[in-house]
Amino acid sequence: MINVALLSKWHVHAVDYEREARENPMLSIKKVWDEEPERGQGWAEELGVPFESDLDTLLDSPEIDAVIVSTPTNLHTEVIKKAAKKGKHIFTEKVLAFTTRECEELLKVMEKTDLSFMISLPRLTKDYYLYAQQVVDEGVLGTITMMRCRVAHNGAVPTETHPNGWLPETFFNAEQCGGGALIDLGAHPIYLANRLMGKPKSVSSRLPQMRELGVDDHAVAMLDYDSGALSILETSFLSAGSPFQLELYGTEGTLMIEDDQIRIRQGTKEWKTPDNVPEHLPMPMEQWANAMESGETMSVTREDAYLLTAVNEAASLSNKEGRRIDLKEL
């Protein structure tokens, strides 16, 4: 049994991670810490475990093997670094950090310890991504010239009961989040593009605030590659009914994914639904538990975490300075 501490209920997915950990037979939740003690105390009481108000004391405990980090993003570097130095296995919500410099610092600390690190990038486990990667690797579409990906919802659309939408107010706190729609929901198109298209050369972006809530509420980023290919990545907190879309265009065909529908067309042939779609991989939490328990290799990597931050950092700088940002500048 692997003893786990929950570090903060700040993020909207914190309760999802708690549920996944509770339902995993290899994991046992033993303690809760939160940067807001009242919130953490209430969560600990719900779960029937002790609340620890001091993070250092919790991390010094030999009882705790691993931590699940759902703190404000601006606390990630401090919290994860402390956990890594204490040799605790780490599961964290995206993004790892705001800057590549911070990422490099954290990854160096983790390299010095024998710990399992997982960042929650769940779409890398999905069958549609695995099929898209298979298509790219096998050259089914010829040379890939463009990718388009959209992930959006209506979380900032006002309603009678929620004037700023159903997202928690903390999601519009620029200091804690480091941004809005792009750094949060836009992470999914970014890490999918990083896998399918490779490391980009440069990034151009627009991060507007239609509702003036303090952070971008919809966004678009364009990624350039050495080959001349492009990725167009879209996200929004202001889109009702917007489906997930992933499109790959190549010299010999096109792949279209919309929600759970996958279609492929090669040359002038008719569209078809593929019959060789891989099975889903285990979700990140399950992979993390398996890695700690039996040393299984995880499919989500530290390079995935680093490149996600790099593109976000470049996109933020591009929007701020109104120019294309070469990743070599970071």
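Scroll up to find the structure this text is about.
Residues numbered from 1 in each chain as written. Predicted model: local features only at pLDDT ≥ 70, side-chain atom pairs only at ≥ 80, totals over all residues. Heavy atoms only, no water.

(A) Spatial organisation of the environment of Leu141. Locating Leu141 in the fold gives a position in the loop between helix 6 (127-137) and strand 6 (144-152). Sequence-wise, Leu141 and Thr251 are 110 residues apart; in three dimensions their C-alpha atoms are separated by 6.4 Å. Ignoring sequence-local partners within four residues, the contact set of Leu141 consists of Val135, Leu248, Gly250, Thr251, Glu252, Gly253, Thr254, Leu255 and Ile264. (Helix = DSSP H or I, 4+ residues; strand = E, 2+ residues; numbered from the N terminus. Contact = heavy atoms within 4.5 Å.)

(B) Layout of the packing of helix 5 (residues 100-111) against helix 11 (residues 302-321). Where helix 5 contacts helix 11, the axes come no closer than 9 Å and their chain directions differ by 165 degrees. Comparing the axis directions of helix 5 and helix 11 gives the class roughly antiparallel. For the element pair helix 5 and helix 11, the recorded crossing hand is right-handed. On helix 11, the residues that touch Thr100, Cys103, Glu104, Leu107, Met110 and Glu111 of helix 5 are Arg302, Ala305, Tyr306, Thr309, Ala310 and Glu313. (Axes fitted to C-alpha atoms, helices over the stretch in contact; angles between N-to-C directions. Parallel < 35°, antiparallel > 145°, perpendicular 65-115°, else oblique. Left-handed = near helix turned anticlockwise from the far one by under 90°.)

(C) Quick look at the side chain of Thr254. Note on placement: Thr254 falls in strand 11 (residues 253-258). Assessed through its relative accessible area of 18%, Thr254 is described here as buried. Contacts of Thr254, omitting those with residues within four sequence positions, involve Leu141, Leu248, Tyr249, Arg263, Ile264, Arg265 and Trp271. (Buried < 20%, exposed > 50% of the residue type's maximum accessible area, 1.4 Å probe, protein only.)

(D) Region of interest: the pattern of salt bridges. Evaluation of the coordinates by the stated rule reveals 19 salt bridges. Salt-bridge contacts for Arg39 lead to Glu36; the nearest nitrogen and oxygen are separated by 3.8 Å. Judged by relative accessible area, Arg39 falls into the partly exposed class, the value being 22%. Overall, Glu36 belongs to the partly exposed group, its relative accessible area being 40%. Across the pair Glu234 and Arg150 runs a salt bridge, and its minimum N-O distance is 3.2 Å. One end of the pair, Glu234, is in strand 9 (residues 230-236); the other, Arg150, is in strand 6, and 84 residues separate them in sequence. (Salt bridge = Lys/Arg side-chain N within 4 Å of Asp/Glu carboxyl O.)

(E) Local environment of empty space enclosed by the protein. Evaluation of the coordinates by the stated rule reveals 1 cavity of 30 Å³ or more. Here the largest cavity is characterised by a volume of approximately 120 Å³. Along the walls of the largest cavity sit 13 residues, with His11, Thr73, Cys177, Ile183 and Asp184 positioned nearest its centre. The residue makeup of the lining of the largest cavity, split by class, is 6 nonpolar, 4 polar and 3 charged. (1 Å grid on protein atoms, 1.4 Å probe; cavity = no way out; pocket = protein on both sides within 12 Å on 5 of 7 lines; lining within 4 Å. Points joined across faces, edges and corners; volume = space filled by probe spheres on them. Nonpolar A, V, L, I, M, F, W, Y, C, P; charged D, E, K, R; others polar.)

(F) Representation of the pairing of strand 2 (residues 27-33) within the structure. The buried count for strand 2 comes to 6 of 7 residues, which makes it a mostly enclosed element. As defined by bridge partners, strand 1 (residues 2-7) adjoins strand 2 across 6 bridges and the pair is classed as parallel. If you follow Val4 over to strand 2, its bridge partner there is Ile29. (Pairing = 2+ DSSP bridges.)

(G) Main features of the side chain of Arg150. The class for Arg150 is buried, based on a relative accessible area of 16%. A polar contact of 3.2 Å, which involves the side chain of Arg150, links it to the side chain of Glu234. Among the polar contacts listed, one links the side chain of Arg150 to the side chain of Ser242, at a separation of 2.9 Å. Setting aside residues no more than four positions away along its own chain, Arg150 makes contact with Glu234, Ser236, Ser239, Ser242, Pro243, Phe244 and Gln245. (Polar contact = N/O pair within 3.5 Å; in protein donor to acceptor, adjacent residues only side chain to side chain.)

(H) Structural context of the packing of aromatic side chains. Per the counting criterion, the structure on display carries 5 aromatic pairs. Each ring, one from Trp10 and one from Phe171, has its centre 6.0 Å from the other, and the planes form 15 degrees; the classification is stacked. With a gap of 161 residues between them, Trp10 in the loop between strand 1 and helix 1 (14-23) and Phe171 in the loop between strand 6 and helix 7 (174-177) connect regions that are remote in the sequence. We classify Trp10 as buried; its relative accessible area is 5%. Ring centres of Tyr17 and Phe91 lie 5.0 Å apart, and the angle between their planes is 65 degrees; on these two criteria the pair is classed as edge-to-face. Of this pair, Tyr17 sits in helix 1 while Phe91 sits in strand 4 (residues 89-92), and the two are 74 residues apart along the sequence. Among the aromatic residues, those joined into a ring-pair cluster are Tyr17, Phe91 and Trp288. Here Arg123 stacks its cationic end above the ring of Phe244, 4.6 Å away from the centre of that ring. (Phe/Tyr/Trp six-rings, centres within 6.5 Å; stacked < 30°, edge-to-face > 60°. Lys NZ or Arg CZ within 6 Å of the ring centre and 35° of its normal.)

(I) Focus on unusual backbone geometry. For the bond from Lys94 to Val95, the omega torsion is -15 degrees, close enough to zero to count as cis. Within the secondary structure layout, Val95 lies in the loop between strand 4 and helix 5. At Ser8, a residue that is not glycine, the phi angle is positive and equals roughly 90 degrees. Mapped onto the secondary structure, Ser8 falls in the loop between strand 1 and helix 1. A positive phi angle, close to 55 degrees, is found at Glu212, a residue other than glycine.

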